[in-house]
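Given next are the chains, with one letter for each unit.
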Amino acid sequence: MKKILLLLALVFSVFIFAGCSNDTEVDRQEETTAAAEETEPVEETGEAVAEETEAETQNADENPGYVRSHLTGEWIDEEIGAKRPIAVMINNIQAAIPQSGISHADVIYECMVEGSLTRLMALFQDVEGLDKIGPVRSARTYFVYLADEWNAFYFHFGQCEYAKPYLEAYITQNVNGVLGSDGNAFYRTNDRPAPHNAYTSGDRIEAILEEKAESSGYIRNLDEFYSVLQDTYTTEIEPEYKEHFQFAADDEVVTLDDGVTAENITVGFTTNDSTFTYDSATGKYLHSQYGGPHIDQETGEQLAFDNVLILYSEKSDYYGTQYLQFDLWSDGDGYYITQGKAIPIRWIKNTEWGPMEFVDESGNEITVNQGKTWISIVPTQDQDKTVIE
């Protein structure tokens, strides 16, 4: 691990006086747009392992041909469940909405980029049948880490210069729209000006991954991926897959009876006014931004989630530039929100590349409801802008 961190530190030193890459017209346009928008561990016993294995076997027997989704905790086809997730960077400035395909995402992250704008990363368990996903935008270092937490294939259109060492890290497998044949995974539309008109699709995603599997050894199966990494990098990663969430059982609903009322949530991003409203009829949180419902252009649906996580992280800049970094390697505070209630939580990082763990005030891992999850990473400096009522 120290060798990896040292290598990254050495690479970063080369970029001290560099800004984000201007190699492409897309990145130049992004900087102009951003500036304009700114102005507007306990060892398990053999008995515990045996009980877990027995429970998994019973679940499989109950639903032959199905497995639990790592993203939602719900039963899905075992062939789909064996695949690694797809992470897509989504443009979220006002000129880029409504977006396409994101109502099918199982987990969505929102985090600030330069100019106080926010950008989304949508995680999909299955992209089959999706003809339009996007608009797709460029990578930032902290989003690379978030994608790697899920061992997802990371789709983006360009990158900040500071993200390059992360994109080249051994655990990262990405598809870059401005890099050679990777551009085949994307297409442009005529309804919007660049850089807000780059999209991908389920067919294109599958095609590029098949191509990479043949040419560069990309691994499609999640379990196989961990097995290979375990054999090769035993000192840098956990020896087995660790779930992001501890999901509720099929017949269980987490109600947070001791939590505070959380029917209207202001996240804390002032540029797009990211908010949630609880719909008691469906038990879901409806997302709004820029003063109206957050809609998927392809379906006309407002984005809805079973779980909302607000996580606070220290924000800094790269060597005095406009480009941001968030400390996702330490621990921090936050809230878990579901079923009209909210509780304070802590997020914890136990390994550099592994997933966050979410615990309550007593240090116990929280249980989240099955279904879709939205995760907002808010600067700790803006923590007082979050309103839950």
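Per chain, residues are indexed from 1 in the order of the written sequence. Since the coordinates come from a predicted model, pLDDT governs what is reported: local features require at least 70, and pairs of side-chain atoms require 80 or more to be given and counted, while whole-chain, interface and lining totals use all residues. Based on all heavy atoms of the structure, the side-chain values leave hydrogens and waters out of the count.

**Side note on helix α7 (residues 202-216)**
And step 1. In a regular helix each residue adds 1.5 Å, so 15 residues correspond to 21 Å; α7 covers 21 Å between its end C-alpha atoms and thus fits that length.
And step 2. Residue exposure (1.4 Å probe, protein chains only): buried if accessible area is under 20% of the type maximum, exposed if over 50%, otherwise partly exposed. Runs of E in the DSSP output that reach at least two residues are strands. Runs of H or I that reach at least four are helices, and both are numbered from the N terminus. Looking only at α7, the buried set comprises Gly202, Ile205, Ile208, Leu209 and Lys212. Burial along α7 is one-sided: seen end-on, the buried residues are contained in an arc of 135°. Projecting away from the buried face of α7 at angles above 90 degrees are the exposed residues Asp203, Glu214 and Ser215.
And step 3. Its buried side turned inward, α7 meets β3 (86-90), β6 (153-156) and β7 (174-176). For a helix, the expected span equals 1.5 Å multiplied by the residue count minus one. Comment: arc refers to directions from the helix axis out to C-beta atoms. Should any heavy atoms of two residues lie within 4.5 Å, those residues are counted as being in contact.

**Details of unusual backbone geometry**
And step 1. Here the bond from Gly134 into Pro135 is cis, since omega is 5°, no more than 30 degrees from zero.
And step 2. Relative to the elements of secondary structure, Pro135 occurs in the loop between β5 (118-124) and α5 (141-149).
And step 3. The step from Ala194 to Pro195 runs through a cis peptide bond, and the omega angle for that step is 10°.
And step 4. Relative to the elements of secondary structure, Pro195 occurs in the loop between β8 (187-188) and β9 (198-199).
And step 5. Of note in the backbone geometry, Ser116 takes a positive phi value of approximately 65° without being a glycine.
And step 6. Relative to the helices and strands, Ser116 resides in the loop between β4 (107-112) and β5.
And step 7. Among the residues examined, Ser116 registers a relative accessible area of 34% and is labelled partly exposed.
And step 8. Look at Tyr290: it is not a glycine, yet its phi comes out positive at around 50°.

**A word on the confidence of the model for the chain**
Caution applies to low-pLDDT parts of the model: their predicted coordinates are not meant to be read in detail.
And step 1. Per-residue pLDDT for the chain averages 83, and the proportion of residues at 70 or more is 80%.
And step 2. For the stretch residues 1-58, pLDDT sits under 50, and the model shows 64 contacts to residues farther than four places along the chain or on other chains.
And step 3. The model gives residues 232-239 a pLDDT under 50, and that stretch makes 11 contacts with residues more than four places away or in other chains. Scored between 0 and 100, pLDDT is the confidence that the predictor attaches to each residue.

**Some remarks on the pattern of salt bridges**
And step 1. By convention in these notes, a salt bridge is any Lys or Arg side-chain nitrogen within 4 Å of a carboxyl oxygen on Asp or Glu. As enumerated under the stated definition, the model contains nine salt bridges in all.
And step 2. Between Glu161 and Lys164 there is a salt bridge whose closest N-O contact spans 3.3 Å.
And step 3. For the salt bridge of Lys284 with Asp306, the shortest nitrogen-to-oxygen distance reads 2.8 Å. Of this pair, Lys284 sits in strand β14 (residues 284-289) while Asp306 sits in the loop between β16 (304-305) and β17 (307-313), and the two are 22 residues apart along the sequence.
And step 4. Lys284 gets classed as partly exposed once you look at its relative accessible area, which sits at 27%.
And step 5. Among the residues examined, Asp306 registers a relative accessible area of 13% and is labelled buried.

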